[in-house]
Amino acid sequence: MTQVNAPHAGPVDYQEVQAREDFQELRRTHRSFVFPMTAFFLIWYIAFVIAAAFFPDFMAISVWGNINLGLVLGLAQFVTTFLITGLYVWFSNSKMDPKSTAIRLELEARGAGLPEEDKH
């Protein structure tokens, strides 16, 4: 069994944790990446769909041999998805994880999240 020195062990008031400045900063950090990146990708995706639906001549522009602009832009959707995923992993590891780890460690030091028999 895990032994934790938790002098203030007890139930966690999650609303109190949510109201704390360090948690609010974590939320701001998360949103500062997620909202703009989501907007960027949705605009990019919708622009591709609109171009494919309403501008077939544009999408049919030959780029190289039988490869046209529509195919290149369609494949770029996949590349963009992988790039955004990689950026999010980097952002999460470098910006969010240190903040969330500090909050988690502080709560664990108080015995939060441990089964009753492990709170010693």
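Rules and cut-offs
- Residues numbered from 1 in each chain as written.
- Predicted model: local features only at pLDDT ≥ 70, side-chain atom pairs only at ≥ 80, totals over all residues.
- Heavy atoms only, no water.
- Patch = residues over 30% accessible without salt bridge, like charges linked within 9 Å, V, L, I, M, F, W, Y side chains within 5 Å.
- Areas by Shrake-Rupley, 256 points an atom, 1.4 Å probe, with all protein chains shown as cover.
- Salt bridge = Lys/Arg side-chain N within 4 Å of Asp/Glu carboxyl O.
- Helix = DSSP H or I, 4+ residues; strand = E, 2+ residues; numbered from the N terminus.
- pLDDT = per-residue confidence, 0-100.
- Contact = heavy atoms within 4.5 Å.
- Core = buried A, V, L, I, M, F, W, Y, C linked by side-chain atoms within 4.5 Å.
- Buried < 20%, exposed > 50% of the residue type's maximum accessible area, 1.4 Å probe, protein only.
- Axes fitted to C-alpha atoms, helices over the stretch in contact; angles between N-to-C directions.
- Parallel < 35°, antiparallel > 145°, perpendicular 65-115°, else oblique.
- Nonpolar A, V, L, I, M, F, W, Y, C, P; charged D, E, K, R; others polar.
- Polar contact = N/O pair within 3.5 Å; in protein donor to acceptor, adjacent residues only side chain to side chain.
- Phe/Tyr/Trp six-rings, centres within 6.5 Å; stacked < 30°, edge-to-face > 60°.

Caption draft 1: Geometry of a nonpolar patch on the surface. A grouping of Leu42, Tyr45, Ile46, Val49, Ile50, Phe54, Phe55, Phe58 and Ile61 is seen on the molecular surface, where their side chains present a nonpolar patch of about 880 Å² in accessible area. A per-element tally of the nonpolar patch places helix α2 (residues 21–54) first, with six residues. For leucine 42, the location among the structural elements is in helix α2.

Caption draft 2: Molecular detail of the confidence of the model for the chain. Summary statistics for the chain give a mean pLDDT of 86 and a share of 84% for residues scoring 70 or more. Mean pLDDT across the elements of the chain ranges from a minimum in helix α1 (residues 14–19), with 86, to a maximum in α2, with 95. The low-confidence segment residues 1–6, where pLDDT is below 50, has 14 contacts with residues more than four positions distant or belonging to other chains.

Caption draft 3: Representation of the nonpolar core. In this structure, Val12, Val17, Leu26, Phe33, Met37, Ile84, Phe91, Met96, Ile103 and Leu107 together form the largest nonpolar core, which totals 10 residues. The residues contacting leucine 26, other than those within four sequence positions of it, are Met96, Lys99, Ser100 and Ile103.

Caption draft 4: Structural view of the packing of α2 against helix α4 (residues 69–109). Packing of α2 against α4 brings their axes to within 10 Å, and their N-to-C directions diverge by 180°. With respect to α4, the axis of α2 lies roughly antiparallel. Here the residues of the contact of α2 with α4 are counted per class, giving 18 nonpolar, nine polar and four charged.

Caption draft 5: Seen up close, the side chain of arginine 20. As for its placement among the helices and strands, arginine 20 is situated in the loop between α1 and α2. Judged by relative accessible area, which is 16%, arginine 20 ranks as buried. Only 2.8 Å separates the side chain of arginine 20 from the side chain of glutamate 106, close enough to count as a polar contact. Those residues in contact with arginine 20 that lie beyond four places of it in its chain are Ile103, Glu106, Leu107 and Arg110.

Caption draft 6: Structural detail: the packing of aromatic side chains. Under the counting rule described, the total for this entry stands at three aromatic pairs. With centroids separated by 4.8 Å and ring planes inclined at 20°, the aromatic side chains of phenylalanine 33 and phenylalanine 91 adopt a geometry described as stacked. Of this pair, phenylalanine 33 sits in helix α2 while phenylalanine 91 is found in helix α4, placing the two residues 58 residues apart along the sequence. Each member of the pair, phenylalanine 33 as well as phenylalanine 91, carries the same accessibility label: buried. When the centroid spacing of 6.5 Å and the interplanar angle of 20° are considered together, the rings of phenylalanine 41 and tyrosine 45 count as stacked. Here phenylalanine 41 and its partner tyrosine 45 are both found in helix α2, four residues apart, which amounts to about one turn of the helix. Phenylalanine 41 sits in the partly exposed class, given a relative accessible area of 22%. Three or more aromatic residues joined by ring pairs form one cluster here, namely Phe33, Tyr88 and Phe91.

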